[in-house]
Amino acid sequence: MKDKKAYEYLAKSGAEISSTPTRAVCLVNAGNQQGIAVDDFEAACSLLGKIAYLLNFPGKTYCVVIYEGLECAIDAHKALAGRACTLLKRTYSKEASIPLLVEYLIEDSIQLPVPATVQDARAVPGLVVVENFITAEEESTLKQCLDRYKWEPLSRRRVQHHGIRFNYSTNRHADDSMPGFPQEVQDIIIGKLRRMKSLNPVDEVSPVEPVPVPDQLTVNEYKPGAGISAHVDTHSPFRGAIISVSLCGRVVMEFKHRDGRAMSVLVPARSLVAFTGEVRYDWTHAITETRFDYVDNSFRERQFRISLTFRETKSTPCDCNYPHLCDSVGSTQL
Ligand SMILES: O=C(O)CCC(=O)C(=O)O
Ligand SMILES: [Fe+2]
């Protein structure tokens, strides 16, 4: 019965079974739904030949390995067909003895999502991405440093606030100041920001912007799978660009404009992302709650991630040219 369902889902996805060997080997009964972890799956299948793509579809009862060469696919088919799933370290032990059903698929019939990349930032005006902004050593120093401070639990993540405090109920910074940033944050990140000449948007059309002088820091800790709903950071309390530095894991960030433009951008670990101009004021950004992101041509498990969002506070109304999402429109400004 289970097998039949898996074949039905496979057919529904548009994928067609081939009666002759192809590079695409489909493992039925060994999907993400049955607890196959993507890393175990990749390790087991790469023993049988060089993998071009790995497709471990979220919630599905099959997965697909596309080998670089046909010979490897034939070898894999021979090695895997009828074998117990323990080969793939299936986590549900009661199902571990179900034999694998292996099929070749017509490659063109497999629907692939478009993987999110860093370069996709080009389609989001004003977005700045600096890869490897901090080293792995600096990342671990910062993580250890933050672990010494108290976390505030929110429903799906934990936060810390440093510098001038932000009030979530009014969406404004509180008047009472706290001490400055932790020393390591000051030395590593603020030090690097001071040495940066400007913020250069990836699209190369949006104007270069000055580097802000942050006095407020929000630290977000996301467990794997957690996210943040679509929002624009309130305009008026903050001057210029908003900066986010990622520790520990990569994530895919979703950007949307009300005119229909939308883009998923890969934000690598240890990178700096800055929101300037149009993306700062006129687009929303979000992190979808999901266990998998489609990156590097595969669905990869969402990683644990800490982000540090730096803002420079101010007390004047916003003077941006993007009225639709502006909190100053209709009050003091227009
Ligand atoms: O995690 C991130 O990089 C984004 C956080 C964010 O959007 C925010 O704190 O406003
Ligand atoms: Fe934000």
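The name given to the protein in an unreviewed UniProt entry is Fe2OG dioxygenase domain-containing protein, and the organism recorded there is Sphaeroforma arctica JP610.

The next point concerns the overall build of the protein. Scanning the protein from N- to C-terminus turns up six helices and 19 strands. Looking at the protein as a whole, 51% of its 334 residues qualify as buried. Nonlocal contacts in the protein, meaning residues at least 24 apart in sequence, comprise 74% of its contacts between residues at least 6 apart.

Phi angles above zero are rare outside glycine, and E204 is one such case at about 60 degrees. Structurally, the position occupied by E204 is in the loop between α5 (183-195) and β10 (216-222). Phi is positive for C248, which is not a glycine, with a value near 75 degrees. With respect to the element layout, C248 can be found in the loop between β12 (242-247) and β13 (251-256). Of the residues examined, C248 reaches a relative accessible area of 30% and is grouped as partly exposed.

With that settled, the discussion passes to the coordination of the iron ion (ligand 2). Each protein donor to the iron ion (ligand 2) is listed here as H231 (NE2), D233 (OD) and H285 (NE2); together their distances run 2.1 to 2.2 Å. Each donor residue of the iron ion (ligand 2) lies on one chain, and together they are spaced H-x1-D-x51-H.

Turning our attention to the site of ligand 1. Surveying the vicinity of ligand 1 reveals 13 residues, the closest of which are Y222, S244, H285, R305 and S307. Within the side chain of H231, one N or O atom sits 3.1 Å away from an oxygen atom of ligand 1. Taking H285, its side chain carries an N or O atom lying 3.0 Å from an oxygen atom of ligand 1. When isolated, ligand 1 has an accessible area of 300 Å², and the protein chains bury 95% of it. When contributions to the shell around ligand 1 are tallied by element, the ones reaching two or more residues are β10, β11 (228-231), β16 (284-287) and β19 (305-311). Along the lines of polarity and charge, the residues of the shell around ligand 1 split into four nonpolar, six polar and three charged.

Taking strand neighbours across the sheet as the criterion, the four strands line up as β11-β16-β13-β14 in an open arrangement whose pairing is antiparallel. Bordering the open sheet on either side are β11 and β14 (262-267), each of which pairs with just one other strand. Each strand of the sheet is rotated relative to its neighbour by a mean of 20 degrees, with strand direction disregarded. Sheet topology note: the β11/β16 ladder contains two bridges and is antiparallel. By the bridge assignment, I228 is partnered in β16 with I287.

A few words now on the side chain of D120. The topology assignment puts D120 in the loop between β5 (101-105) and β6 (127-130). Buried and without a salt bridge, D120 has R122 as its closest oppositely charged side chain, separated by 7.5 Å. One polar contact links the side chain of D120 to the main-chain amide nitrogen of T117, over a distance of 2.8 Å. Residue contacts for D120: discarding those within four places in its chain leaves P115, M263, S264 and V265.

Core analysis: the largest hydrophobic core is formed by 26 residues, its most contacted members being I189, L193, L308 and F310. Look past the residues within four positions of I189 in its chain and what remains in contact with it is F133, L142, E184, V245, L308 and F310. With 24 residues, the next largest nonpolar core counts V118, V124, L127 and L266 among its residues.

Taken together, the buried positions of helix α4 (residues 136-146) are E138, E139, L142, C145 and L146. Down the axis of α4, the buried set is contained in an arc of 130 degrees. They therefore lie on one face. Residues of α4 that are exposed and point over 90 degrees away from its buried face: E137 and Q144.

The next subject is α5. End to end, α5 covers 17 Å across 13 residues, agreeing with the expected 18 Å (1.5 Å per residue, within 8%). The largest bend in α5 is about 25 degrees, located at I189. Here α5 has its buried residues at V185, I188, I189, I190, G191, K192 and L193. Against the buried residues of α5 lie α4, β10, β12, β15 (272-275) and β19.

What follows deals with the pattern of salt bridges. Opposite charge on two side chains makes pairing possible when the charged atoms of those side chains draw close. Enumeration according to the criterion identifies 14 salt bridges in this entry. Residue K143 is joined to D147 by a salt bridge in which the shortest nitrogen-to-oxygen separation is 3.1 Å. Judged by relative accessible area, which is 42%, D147 ranks as partly exposed. A cluster of three or more residues bridged by salt bridges with shared partners is formed by R158, E221 and K223.

A word on the packing of aromatic side chains. Scanning all chains against the criterion turns up three aromatic pairs. A centroid spacing of 6.1 Å and a plane angle of 45 degrees characterise the contact between F255 and F275, whose relative ring orientation is tilted. In this pair, F255 sits in strand β13 while F275 sits in strand β15, placing the two residues 20 residues apart along the sequence. Against the face of F238 rests R311, its NZ or CZ located 5.1 Å from the ring centre.

Cut-off values and rules
- Residues numbered from 1 in each chain as written.
- Chains lettered and ligands numbered in written order.
- Predicted model: local features only at pLDDT ≥ 70, side-chain atom pairs only at ≥ 80, totals over all residues.
- Heavy atoms only, no water.
- Helix = DSSP H or I, 4+ residues; strand = E, 2+ residues; numbered from the N terminus.
- Buried < 20%, exposed > 50% of the residue type's maximum accessible area, 1.4 Å probe, protein only.
- Contact = heavy atoms within 4.5 Å.
- Donors = N, O, S within 2.8 Å, 3.2 Å for Na, K, Ca; no water.
- Near = heavy atom within 4 Å.
- Polar contact = N/O pair within 3.5 Å; in protein donor to acceptor, adjacent residues only side chain to side chain.
- Areas by Shrake-Rupley, 256 points an atom, 1.4 Å probe, with all protein chains shown as cover.
- Nonpolar A, V, L, I, M, F, W, Y, C, P; charged D, E, K, R; others polar.
- Pairing = 2+ DSSP bridges.
- Axes fitted to C-alpha atoms, helices over the stretch in contact; angles between N-to-C directions.
- Lys, Arg positive; Asp, Glu negative; His and termini not counted.
- Salt bridge = Lys/Arg side-chain N within 4 Å of Asp/Glu carboxyl O.
- Core = buried A, V, L, I, M, F, W, Y, C linked by side-chain atoms within 4.5 Å.
- Arc of directions from axis to C-beta.
- Expected span 1.5 Å × (residues − 1).
- Bend = angle between axes of the 7 residues up to and from the residue.
- Phe/Tyr/Trp six-rings, centres within 6.5 Å; stacked < 30°, edge-to-face > 60°.
- Lys NZ or Arg CZ within 6 Å of the ring centre and 35° of its normal.

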